[in-house]
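# Analysis of the macromolecular model
Chain by chain, the residues run as shown.
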Amino acid sequence: MAGHVVGGITITHPERRVFGEDGPTKGEVAAYYEAVAPWMLPELSGRPLSLVRCPQGSTGPCFFQKHHADTLGPHVKAVDIEEKDGDEAHYIYVDDVRGVLELVQMNTLEFHPWGAHADKPDRPDRLVFDLDPSAGVEWKAIVGAAREIRERLAEAKLESFVRTSGGKGLHVVAPFRRGPSWIAVKAFCESIADAMVAEHPKRYIAEASKTKREGLIFIDWLRNTRGATSVTGWSLRARPGAPVAMPVRWEEIARLKSGSAFDLKKALKRAKSLDADPWEGIASLSQSLPS
Ligand code: ATP
Ligand code: MN
Ligand code: MN
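Residues numbered from 1 in each chain as written. Chains lettered and ligands numbered in written order. Predicted model: local features only at pLDDT ≥ 70, side-chain atom pairs only at ≥ 80, totals over all residues.

Let's shift gears to the overall build of the chain. When helices and strands are tallied, the chain shows five helices and 13 strands. Taking the principal axes of the C-alpha coordinates as reference, the chain spans close to 60 × 40 × 40 Å. When the 291 residues of the chain are sorted by exposure, 44% land in the buried category. Counted over contacts in the chain with a minimum sequence separation of 6, partners at least 24 positions apart contribute 65%. (Helix = DSSP H or I, 4+ residues; strand = E, 2+ residues; numbered from the N terminus. Buried ≥ 20, exposed ≤ 12 C-beta atoms within 10 Å, placed from the backbone. Contact = placed C-beta atoms within 7 Å.)

Below is the structure:
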């Protein structure tokens, strides 16, 4: 079948199912990203990006890709970033809906930006706490953890925002003025995670080791390192049911049932009915990480 055109970009095999037999097609995925792009791009635009590409759909093998290739499309941009070994590599970024759709044409399902922009990858401007509950932890407890992080950030004069991960948990995100190094941001996040564990050792854990996590919420502060990513708001997840990582208002989280409460259909409906960004105000905040 010939391709069809979405947002000016040719999408081949639009009829191909990408989330298993009854799930959305590649054409529907492209239409989804075109529809949510106005909400998604403010967070995604201009940041180095890791992709999750699934050439045979989410039920087949998927892979993370962080390096640019010209074959990705003319609106998918490249930025030179120094790697750990000192060599430069081309990283991916997009700054418009055409770039997003070209990546969808290349079977991208998930979008994972850095907490920094491509023009200054060593100067982060966003931190994230990734809350990873172990099996059996109640949603209420995850919501409680997110609210506690919000309060602790507020004590540091940082306003924060929350999204579902599209998986098990929640992400709490705070923007801040560029200036501090990655090392400083990571240390700040670690100190908050450590303080929470010290106060509630039977609720939280801040160590990455999986062995001691039973019944606890892992407060993953390690996403705040140079080169680390977290999934962007409105991104689909390559998991059964086509769940979406969804930015929500703080008042909304208690009413949700899980981190995968939104799927493609619900997210599309939400995109069309929202009159304000759930993260309204994030772009105009001018707040600093405490030194
Ligand atoms: P969940 O709520 O189910 O934990 P999640 O997106 O938070 O969903 P995590 O495993 O906690 O999943 O990972 C957090 C972030 O770390 C991801 O959003 C992703 O950006 C990044 N990440 C995870 N695994 C990898 C990987 N193998 N390669 C590169 N980045 C990864
Ligand atoms: Mn997580
Ligand atoms: Mn994690």
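Moving on, there is more to tell.
Here we take up the UniProt feature "domain: DNA ligase D polymerase" (unreviewed entry) in the chain. What UniProt calls "domain: DNA ligase D polymerase" (unreviewed entry) maps, in this numbering, to residues 25–279. A distance of 29 Å separates the end C-alpha atoms of residues 25–279, which is 29% helix and 20% strand. (UniProt positions renumbered as here; feature names shortened; annotations may be inferred.)

With that settled, consider the packing of helix α1 (residues 26–44) against helix α2 (residues 97–105). Relative to each other, α1 and α2 sit at 145°, their axes nearing to 10 Å. Between α1 and α2 lies a crossing of right-handed hand. Contacts from V29, A30, Y33, E34, A37 and L41 of α1 reach α2 at V97, V100, L101 and V104. When grouped by side-chain class, the residues that make up the contact of α1 with α2 number nine nonpolar, no polar and one charged. (Axes fitted to C-alpha atoms, helices over the stretch in contact; angles between N-to-C directions. Left-handed = near helix turned anticlockwise from the far one by under 90°. Nonpolar A, V, L, I, M, F, W, Y, C, P; charged D, E, K, R; others polar.)

What follows concerns the nonpolar core. Formed by 76 residues in total, the largest nonpolar core has its most connected members in Y33, I217 and I219. Ranked by residues supplied to this core, first place goes to α1 with nine residues. In this view, I219 contacts F129, L131, A145, A193, M196, Y204 and A206; residues no more than four positions away in its chain are not counted. (Core = buried A, V, L, I, M, F, W, Y, C linked by C-beta atoms within 7 Å.)

With that settled, consider the pairing of strand β12 (residues 217–220). Residues I217 and I219 point to one face of β12 and F218 and D220 to the other, with burial holding for every one of them. With four bridges joining them, strand β8 (residues 126–133) and β12 adopt antiparallel strand pairing. Looking across to β12, one finds that L131 is bridged to I219. The pairing of strand β11 (residues 204–205) with β12 spans two bridges and is parallel. Of the residues in β12, the one forming a bridge with I205 is F218. (Pairing = 2+ DSSP bridges.)

Quick look at the packing of α1 against helix α5 (residues 264–273) now. Taken N-terminus to C-terminus, the directions of α1 and α5 make an angle of 50°; their axes are 10 Å apart at the nearest point. The pairing of α1 with α5 is recorded here as oblique in orientation. Note on packing geometry: the crossing formed by α1 with α5 is left-handed. Along its contact with α1, which presents Y32, A35, V36 and W39, the element α5 presents L264, A267, L268 and A271. A breakdown of the residues in the contact of α1 with α5 according to their chemical character gives eight nonpolar, no polar and no charged. (Parallel < 35°, antiparallel > 145°, perpendicular 65-115°, else oblique.)

Our next topic: the site of ligand 1. Near ligand 1 you find 15 residues, and of these H112, S165, G167, G169 and V231 are the closest. Across the shell around ligand 1, the residue classes tally to two nonpolar, eight polar and five charged. (Near = placed C-beta within 6 Å.)

On to helix α4 (residues 182–199), then. Taking 1.5 Å of rise per residue, the 18 residues of α4 would be expected to cover 26 Å, and the 26 Å separating its terminal C-alpha atoms lies within 8% of that figure. Burial in α4 covers these residues: V185, K186, F188, C189, I192, A193 and M196. Angularly, the buried residues of α4 cover 160° about the axis, an arc narrow enough to put them on a single face. In α4, the exposed positions that point more than 90 degrees away from the buried face belong to I183 and A198. Its buried side turned inward, α4 meets β8, α3 (139–155), β11 and β12. (Expected span 1.5 Å × (residues − 1). Arc of directions from axis to C-beta.)

Moving on, we come to unusual backbone geometry. In the Ramachandran plot, W234 falls in the positive-phi region, its phi being about 80° despite a non-glycine side chain. Relative to the helices and strands, W234 resides in the loop between β12 and β13 (247–248). W234 sits in the buried class, given 27 other C-beta atoms within 10 Å. Unlike most non-glycine residues, A242 shows phi in positive territory, near 55°. What makes A242 buried here is the crowd of 26 C-beta atoms within 10 Å.

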